[in-house]
Amino acid sequence: EGRYIEMIKNIVFDIGNVLAGFIWQDFYRSFGYSEEIFEKLSDATVRSPFWNEMDRGKLTDEQLLDGFIQNDPSIESEIRTVFQNIKGMILRYDYAKPWIKELKSRGYHVYVISNFAHKAHAECIEALDFLDEVDGGILSYQVQLIKPAPEIYRLLCSKYDLKAEECVFIDDLAKNVDAAMKEGMQGIIFQTLEQAKEDLEKMLSEGK
């Protein structure tokens, strides 16, 4: 059945592993710790439920650090070392800026909705140079909401006066795309650049 597709005016991107790489494993390994320490570090930080608090933005950097250390006090010094500066945790994707510029040159508006920590925003800013090109967006720490909370998608629409039906949301995690679609947006699960671009172009041409 030919479902009517609204004309898409706005492309809304996730950041991590879509517009820039979240390469925490490489970053942790760069310190040269043993595999055992690497696993402990991963469990105490990125793999722990407490990691969400980093993106939620309600705690100070000190409180976050304390939380990670509480997860595994045996690696306190390693945790402190790694989190002194996390610049290497985000990798710049060369295609991000040109892709956004190209979409904008065709008359689309471009936004971001990303689970992102204040520390990562501040220390990884060079990898996020595409943020200069977007029309706006929401980084989770700024609003104390994290995807897939429905409110974060609603907030983007109300903040920039967008209609959800005129937005397509691109994220590498299915649960985040599902949440956007429940709010009325079109959705694309990002697997590869080629696939995402293809899916997007199909959607943009259908809506014309």
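As a reminder, the structure under discussion sits directly above these lines.
Report follows, based on the coordinates. (Residues numbered from 1 in each chain as written. Predicted model: local features only at pLDDT ≥ 70, side-chain atom pairs only at ≥ 80, totals over all residues. Heavy atoms only, no water.)

1. Looking at the overall build of the protein
For the record, the criterion: We count a stretch as a helix when DSSP gives it H or I for four or more residues in a row; a strand needs E for two or more, and each element gets its number in order from the N terminus. Relative accessibility under 20% of the residue-type maximum defines a buried residue, over 50% an exposed one, and the middle range a partly exposed one, all with a 1.4 Å probe and only protein chains included. A contact between two residues is defined here by any heavy atoms of the two lying within 4.5 Å. Only four residue types enter the charge count: Lys and Arg as positive, Asp and Glu as negative, with His and the chain ends excluded. By convention, the charge on Lys lies at NZ, on Arg at CZ, on Asp at CG and on Glu at CD.
Secondary structure summary: the protein contains 11 helices and 7 strands in total. In terms of principal-axis extent, the alpha carbons of the protein reach across some 60 × 30 × 30 Å. Each of the 208 residues in the protein was classed as buried or not, and the buried ones make up 47%. For the protein, long-range pairs separated by at least 24 residues make up 68% of all intrachain contacts whose partners lie at least 6 apart in sequence. A distance of 4 Å separates the average location of the 24 positive side-chain charges in the protein from that of its 37 negative side-chain charges.

2. Section: the packing of aromatic side chains
Note the threshold: Here the aromatic set is Phe, Tyr and Trp, taking the six-membered ring for Trp, and pairing holds for ring centres within 6.5 Å; pairs whose planes are under 30 degrees apart are stacked, those over 60 apart are edge-to-face, and all others are tilted. When the NZ atom of lysine or the CZ atom of arginine is within 6 Å of a ring's centre and also within 35 degrees of its normal, the charge is said to sit over that ring.
Counted by the stated rule, this structure contains 15 aromatic pairs. These aromatic residues form a ring-pair network of at least three members: Trp-24, Phe-27, Tyr-28, Phe-31, Tyr-33 and Phe-38. Positioned above the aromatic ring of Phe-38, the side-chain terminus of Arg-29 is 3.7 Å from the ring centre.

3. A short note on the nonpolar core
Spelled out, the test is: Here, nonpolar core means buried Ala, Val, Leu, Ile, Met, Phe, Trp, Tyr and Cys residues that are tied together by side-chain atoms lying within 4.5 Å of each other.
Ile-11, Phe-13, Tyr-28 and Phe-83 are the most contacted members of the largest nonpolar core, which totals 53 residues. Not counting residues within four places of it along the chain, the set of residues in contact with Phe-83 comprises Tyr-28, Thr-45, Trp-51, Met-54, Leu-65, Phe-68, Met-89 and Lys-119. Tyr-153, Cys-157, Cys-167 and Val-177 belong to the second largest nonpolar core, which has 16 residues in total.

4. Re the pattern of salt bridges
The cut-off we apply is this: Any Lys or Arg side-chain nitrogen found within 4 Å of a carboxyl oxygen on Asp or Glu counts as a salt bridge.
Applying the stated rule across the entire model yields 17 salt bridges. When the shortest N-O distance is used, the salt bridge between Arg-92 and Asp-94 registers 2.8 Å. According to the relative accessible area criterion, Asp-94 is exposed, its value standing at 60%. One salt bridge connects Asp-135 with Lys-104, and the closest N-O pair in it is separated by 3.3 Å. Placement of Asp-135 in the loop between α7 (118-123) and β5 (136-139) and of Lys-104 in helix α6 (residues 96-105) is noted, with a sequence separation of 31 residues between them. Asp-135 gets classed as partly exposed once you look at its relative accessible area, which sits at 30%.

5. Structural notes on the pairing of strand β7 (residues 186-189)
Condition: A pair of strands is considered paired only if DSSP assigns at least 2 bridges between the two. Orient the strands so they point away from the viewer; a crossover is then right-handed if the path from the first strand over the helix to the second runs clockwise.
Two elements, strand β6 (residues 167-171) and β7, share 4 bridges in a ladder whose sense is parallel. When the sheet's bridge partners are listed, Phe-169 is paired in β7 with Gly-187. For the crossover that starts at β6, traverses helix α10 (residues 174-182) and ends in the parallel β7, the hand is right-handed.

6. Remarks on the sheet that holds β6
Keep this limit in mind: Only the contacting stretch of a helix is used when fitting its axis, a line to C-alpha atoms as for every element, and angles between N-to-C directions run 0 to 180 degrees.
With parallel pairing, 5 strands are arranged side by side in an open sheet as β5-β4-β1-β6-β7. In the strand order of this sheet, the two ends are held by β5 and β7, each with one partner. On average, adjacent strands in this sheet sit at an angle of 20 degrees to one another, irrespective of strand direction. Set on the sheet, α10 makes contact with β6 and β7; between it and β7 the angle comes to about 170 degrees. This element, helix α11 (residues 193-206), spans β1 (10-13), β6 and β7 of the sheet and lies at about 160 degrees to β7.

7. Overview of helix α4 (residues 61-71)
Every buried residue of α4 is listed here: Leu-64, Leu-65, Gly-67, Phe-68 and Ile-69. Next to the buried residues of α4 lie α2 (35-44), α3 (51-56) and α5 (76-82).

8. Examining α6
Inclusion rule: Regarding the arc, it is the one traced by the directions from the helix axis to the C-beta atoms.
Residues of α6 that are buried include every one of Ala-96, Trp-99, Ile-100 and Leu-103, and no others. All buried residues of α6 lie within an arc of 95 degrees about the axis, which places them on one face of the element. Buried residues along α6 sit against β1, β4 (109-114) and α11.

So far we have only geometry, and geometry alone does not tell us how the molecule works.
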